[in-house]
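Residue-level structural notes
Letter by letter, the chains look like this.
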Amino acid sequence: MKRKSSIFLVGGFLRDLLLGRETNDLDFAVERGAISCARTFAKIIKGAFIVLDEEHGCARVAKKSGGNIFTFDFADFRDVSLKKDIKKRDFTINTLAVDVREWNGGNLKKIIEDHAGGKNDLKEKIIRMVSIQAFEQDPLRLLRAFSMRAVLGFSIEKETLAQIKKDRELIRNVSAERIRDELFKIFQSPRTASVLKAMDKAGLLERVIPQIRVMFDIKQGGYHHLDVWPHSLETIRQMDILLSEARKDQELDLYLNETIAGGRKRKGLLKLACLLHDVGKPQTRQREGERIRFHGHEHAGRAIGNSVARHLKLSTKERHLLG
């Protein structure tokens, strides 16, 4: 495919290549004419062509091969050059680039360009914002920092975390569908509990699932050693442990990893249910003598859980399973 404009393979594919992780998603930054480039590429590989954002010049090509679906995203530069485009990206580990014209089928790792210290942050396992404007440019990045921590097991650099706390209100400007997709990366990871606790501490979790606020500062008393909210987070931690053990049972593991809708798996939905299992307690809390009771909290919780499912645009089947 001959073109006059520059095309660079960028982002997650190169990051995962250096980490030794498999991925079927490739992103290309195009100097100009990304949509036209994607359309031509789709014809060459006989793939499906989808325009994602005509105004900003972004399109996708999807191709099924060997039982897997490969996606190729093409987007126009966000500025006049690759270096300036990189300065508008999210995290340093996603700024690596390869000039497609320089690759002749050899070792891709040898020609990777690193303009923002991404290789070193990969080595140190750090998630670092490219600039302090990163979250203003796309508020979903606030949540993506945590989903990357969940998937990769990296740490969020302290200045980046401080900026997330500062910019956390911006997440309200993000569509429910985009939030849902990042949340389920967290729910489907083996690190859900620690990541949700970090999100809670940063004040972000209650902004993506506002219904959880009713559980804050609700005491349980009696035989409970934790109050409602810390108990809910502890339930997630115990579920992480149980799911880790479940991997030893092939049949059970297949069941838990069953895709329910939109790439979202049963185990992710199960963890969301764990998070919300006591959400009905605050409105049913009653004191009977020296004891605190929560009669019917499961029924109240079902209604709130349904509200969360609708808020996150989950499918009808997911809503029924969650209930």
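Above this text sits the structure in question.
Read on for a plain summary of the structure. No experiment lies behind these values; they were computed from the predicted model shown.

Moving on, we come to the overall build of the protein chain. Secondary structure assignment for the protein chain yields 16 helices and twelve strands. Taken over the C-alpha trace, the protein chain has a radius of gyration of 22 Å; the compact-globule value for 323 residues is 20 Å, and the two agree within 12%. Along the three orthogonal principal directions, the C-alpha set of the protein chain runs to about 80 × 40 × 40 Å. When each of the 323 residues of the protein chain is scored for burial, the buried share is 46%. Contacts in the protein chain between residues at least 24 apart in sequence constitute 64% of all its contacts with a sequence separation of at least 6. Entry remark: accessible area of the protein chain is about 17100 Å², with carbon and sulfur atoms responsible for 49%. Averaging the coordinates of the 60 positive side-chain charges in the protein chain and doing the same for the 44 negative ones gives two points 2 Å apart.

Applying the stated criterion across every chain yields a total of zero disulfides. Of all cysteine sulfurs in the structure, the one in C37 sits closest to C58, which takes part in no disulfide; the separation is 12 Å.

Let us now look at the packing of aromatic side chains. For the structure on display, the rule yields seven aromatic pairs. Geometrically, the ring pair formed by F8 and F77 is tilted, given 6.2 Å between the ring centres and 35° between the ring planes. With a gap of 69 residues between them, F8 in strand β1 (residues 7–10) and F77 in the loop between β5 (68–76) and α3 (82–86) connect regions that are remote in the sequence. We classify F77 as buried; its relative accessible area is 12%. Taken together, a centroid distance of 4.9 Å and an interplanar angle of 15° make the contact between F28 and F74 stacked. Remark: F74 occurs in strand β5 and F28 occurs in strand β2 (residues 25–30); sequence separation between them is 46 residues. Overall, the relative accessible area of 2% leaves F74 in the buried class. By way of ring pairs, the aromatic residues F28, F41, F72 and F74 are connected into one cluster.

Right, let's get into the sheet that holds β2. Strand order across the open sheet formed by six strands is β3-β4-β5-β2-β1-β6, with mixed pairing between neighbours. Each end of this open sheet is capped by a strand with a single partner; those strands are β3 (48–53) and β6 (97–99). Across the sheet, the mean angle separating the axes of adjacent strands is 25° when strand polarity is ignored. Taken together, the eight bridges between strand β4 (residues 58–65) and β5 define a ladder with antiparallel strand orientation.

Attention now moves to the packing of helix α6 (residues 140–152) against helix α9 (residues 192–201). In contact at an axis separation of 9 Å, α6 and α9 are set at 155° when each is read in the N-to-C sense. Of the possible angle classes, the one that applies to α6 and α9 is roughly antiparallel. For the pair α6 and α9, the sense of crossing is right-handed. Contacts from L143, F146, R149 and A150 in α6 reach S194, V195, A198 and M199 in α9. Looking at the contact of α6 with α9, its residues break down into six nonpolar, one polar and one charged.

This next bit is on unusual backbone geometry. Positive phi values are uncommon outside glycine, yet K125 reaches one of about 60°. With respect to the helices and strands, K125 occurs in the loop between α4 (118–124) and β7 (126–127). The phi dihedral of K313 is positive, around 60°, even though this residue is not glycine. Within the fold, K313 resides in the loop between α15 (297–311) and α16 (316–322). On the basis of relative accessible area, K313 is assigned to the partly exposed category, the value being 45%.

A few words on the environment of R266. Position of R266 relative to the elements: it lies in helix α13 (residues 266–276). Considering only alpha carbons, one finds R266 and E318, 52 residues apart in sequence, at a separation of 8.7 Å. Excluding anything up to four places from it in sequence, R266 contacts Y255, L256, E258, I260 and L321. Engagement of the side chain of R266 in a polar contact is seen with the side chain of E258, the distance being 2.5 Å.

Calculation rules
Residues numbered from 1 in each chain as written. Predicted model: local features only at pLDDT ≥ 70, side-chain atom pairs only at ≥ 80, totals over all residues. Heavy atoms only, no water. Helix = DSSP H or I, 4+ residues; strand = E, 2+ residues; numbered from the N terminus. Rg over C-alpha atoms; globule rule 2.2 N^0.38 Å. Buried < 20%, exposed > 50% of the residue type's maximum accessible area, 1.4 Å probe, protein only. Contact = heavy atoms within 4.5 Å. Areas by Shrake-Rupley, 256 points an atom, 1.4 Å probe, with all protein chains shown as cover. Lys, Arg positive; Asp, Glu negative; His and termini not counted. Charge placed at Lys NZ, Arg CZ, Asp CG, Glu CD. Disulfide = S-S within 2.5 Å. Phe/Tyr/Trp six-rings, centres within 6.5 Å; stacked < 30°, edge-to-face > 60°. Pairing = 2+ DSSP bridges. Axes fitted to C-alpha atoms, helices over the stretch in contact; angles between N-to-C directions. Parallel < 35°, antiparallel > 145°, perpendicular 65-115°, else oblique. Left-handed = near helix turned anticlockwise from the far one by under 90°. Nonpolar A, V, L, I, M, F, W, Y, C, P; charged D, E, K, R; others polar. Polar contact = N/O pair within 3.5 Å; in protein donor to acceptor, adjacent residues only side chain to side chain.

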